[in-house]
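# A structural walkthrough
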Amino acid sequence: MIIKNAQIGNDTEKVDIVIQDGKFKSIKPAGTVEDPADSNVLNLDGKMILPPFIESHVHLDATRTAGEPHWNMSGTLFEGIATWAERKESLTKKDVMDRARETIRHQAKNGVGFVRTHVDVTDPKLTALDALLELKEELKDIVTLQIVAFPQEGILSFPHGKELMEKAMELGADVVGAIPHFEFTREYGVESLNYAVELAEKYDALLDAHCDEIDDEQSRFVETLATRAYESGHGERMTASHTTAMGSYNGAYASRLFNVLTKSHLNIVSNPLVNIHLQGRFDDYPKRRGLTRVKELVAAGVNVAFGHDDIFDPWYPLGDGNMRDVVHMGLHVAQMMGYPEIQESYRFITDNAAQVLQLTDYGIAEGNSASFIVLDAPDWYTALNEKREVLYHFEQGRLIAETKPHETTLHF
Ligand code: FE2
């Protein structure tokens, strides 16, 4: 197959791409590739192509359960956890697989080809983990799923929490999770992170902790994780998700924190769509935004990716798995509206997220798997601003989703 006149990212130079056996065989300046008579040619006329979007933080086990058994009326993270604990009692493997599969179909339509999903393992039966492990295999040609053993109700604060985490890793989870700010005490929080780091080492696994997702300026677990990351020398394999308390830290403390954070190479995943909704709920006015310091982290050279987090569940009652909604909100809340900031913002859901997931076969380059999306726009600014469709989504050279651009006729 030949893709003609494509623009990779925001590059203005058009290229022709030859795809063979599911790989990018060659990428050459437009017009320099001959069309073999029998070849399948797709002429993009200067449309933008990108590697598939990456969802670096979502909870597929809980997706599509908003309102079950009741709606989260306070809108807090904690009512969300309590509501999910009730819904969790009625989980079945089929229930989880059907809901997660449906969300993955929406993600595929929206150009998402890689997904890191946290899966709640504070369940003695590990029903959701069992379901997601099976779904990962079932859909392996459609989506690359990375599964985090996520202790939603704590490692030290939930009965047999450590044993459940270990069991989840034995069963095949890819990433060790944690939730230190939800543990009963600060000491439990620190111990849970130390345990998670050891477990990740034992299983040669990645680590991704929900860390300081609270508006408490005293919630300072990211310093513990960054220090462990720095000391291990494997910070690029570790991630702190949310870190919303960083938005409440005083300047002097933040300055001290950034010292170890930048040395550690720890990744940060921010979830602006969900956290602008969940945080600030205990504030009177003025109300905090409850987002981590995205702009400052990026400026300091820390790798930051964006995740959707929740899709129609007890924490967030909206969402269609569209990562461009996440970027759109993130740019607003992080106040990153300079032209270059907008133009480059696709990196939060592509290259930066690839670093979080530690992907080795990602990107439009000769020799890589031919996984890519075509946007109905000449550049990212237009695609984002005008909500242009993902026209084609290819995974390993195979078309898995196709959308016709909508058409409007103005009668004036
Ligand atoms: Fe989360």
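Please refer to the structure placed before this passage.
The rules behind each value
Residues numbered from 1 in each chain as written. Predicted model: local features only at pLDDT ≥ 70, side-chain atom pairs only at ≥ 80, totals over all residues. Heavy atoms only, no water. Helix = DSSP H or I, 4+ residues; strand = E, 2+ residues; numbered from the N terminus. Buried < 20%, exposed > 50% of the residue type's maximum accessible area, 1.4 Å probe, protein only. Contact = heavy atoms within 4.5 Å. Axes fitted to C-alpha atoms, helices over the stretch in contact; angles between N-to-C directions. Parallel < 35°, antiparallel > 145°, perpendicular 65-115°, else oblique. Left-handed = near helix turned anticlockwise from the far one by under 90°. 1 Å grid on protein atoms, 1.4 Å probe; cavity = no way out; pocket = protein on both sides within 12 Å on 5 of 7 lines; lining within 4 Å. Points joined across faces, edges and corners; volume = space filled by probe spheres on them. Nonpolar A, V, L, I, M, F, W, Y, C, P; charged D, E, K, R; others polar. Patch = residues over 30% accessible without salt bridge, like charges linked within 9 Å, V, L, I, M, F, W, Y side chains within 5 Å. Areas by Shrake-Rupley, 256 points an atom, 1.4 Å probe, with all protein chains shown as cover. Salt bridge = Lys/Arg side-chain N within 4 Å of Asp/Glu carboxyl O. Donors = N, O, S within 2.8 Å, 3.2 Å for Na, K, Ca; no water. Phe/Tyr/Trp six-rings, centres within 6.5 Å; stacked < 30°, edge-to-face > 60°. Expected span 1.5 Å × (residues − 1).

### Observations regarding the environment of G154
Structurally, G154 can be placed in the loop between β8 (144-150) and α4 (161-171). Look at G154 and you get buried, because its relative accessible area is 0%. In the structure, G154 is positioned 24 residues away from A178 in sequence and 7.2 Å away in space, judged by C-alpha atoms. Apart from residues lying up to four places away in sequence, G154 is in contact with T122, G161, I179, F182 and E183.

### Considerations on the packing of helix α5 (residues 186-202) against helix α6 (residues 221-232)
Across the interface, α5 lies against α6 with an axial gap of 10 Å and an inter-helix angle of 30°. With respect to α6, the element α5 is oriented roughly parallel. Between α5 and α6 lies a crossing whose hand is right-handed. Of α6, the residues touching α5 (which contributes R186, G189, V190, L193, N194, V197 and E201) are F221, T224, L225, R228 and S232.

### What to know about the packing of α4 against α5
Interaxial distance between α4 and α5 falls to 11 Å at its minimum, and their mutual angle equals 25°. It follows that α4 is roughly parallel to α5 by the angle criterion. You can see that α4 and α5 cross each other, and the crossing is right-handed. Where α4 abuts α5, its residues K162, M165, E166 and M169 lie against E191, Y195, L199 and K202.

### Structural notes on empty space enclosed by the protein
Considering all chains together, one arrives at 2 cavities of 30 Å³ or more under this definition. Its volume calculated, the largest cavity comes out at about 80 Å³. Lining the largest cavity we find H59, L77, F150, Q152, H210, E213, H242, L278, D309, D310 and W315. Its volume calculated, the second largest cavity comes out at about 30 Å³. Around the second largest cavity sit F114, D361, Y362, G363, S369 and S371, which together line it. Broken down by class, the residue content of the lining of the second largest cavity amounts to 2 nonpolar, 3 polar and 1 charged.

### Some points on a nonpolar patch on the surface
Side chains of W71, M73 and F312 sit close together on the surface and give an oily, nonpolar patch of about 360 Å² of accessible area. Relative to the elements of secondary structure, W71 occurs in the loop between β6 (53-58) and α1 (77-88). For W71, a relative accessible area of 45% corresponds to the partly exposed category.

### What to know about the coordination of the iron ion
In the first shell of the iron ion, the protein supplies H57 (NE2), H59 (NE2), H210 (NE2), H242 (NE2) and D309 (OD), at 2.2 to 2.8 Å from the metal. Residue classification places H210 among the buried residues on the basis of a relative accessible area of 2%.

### A word on the packing of aromatic side chains
A full pass over the atoms with the stated rule returns 14 aromatic pairs. Ring geometry for F78 and F282: centres 6.4 Å apart, planes at 50°, overall tilted. Here F282 lies in the loop between α8 (272-278) and α9 (294-299) and F78 lies in helix α1, a separation of 204 residues in the sequence. Taking the relative accessible area as the measure of exposure, F78 reaches 31% and is therefore partly exposed. Of the residues examined, F282 reaches a relative accessible area of 63% and is grouped as exposed. On the basis of an interplanar angle of 90° and a centroid distance of 4.9 Å, the ring pair of Y249 and Y253 is categorised as edge-to-face.

### Things to note about α5
Helix length check: α5 (17 residues) gives 25 Å between terminal C-alpha atoms against 24 Å at 1.5 Å per residue, within 8%. When α5 is considered as a whole, its buried residues turn out to be G189, S192, L193, Y195, A196, V197, L199 and A200. In this structure, the buried side of α5 is in contact with α4, β9 (175-176), β10 (206-211), α6 and β11 (238-242). In the stretch just after α5, D204 is the one whose phi turns positive, near 50°.

So yeah, pure geometry; function would need other evidence.
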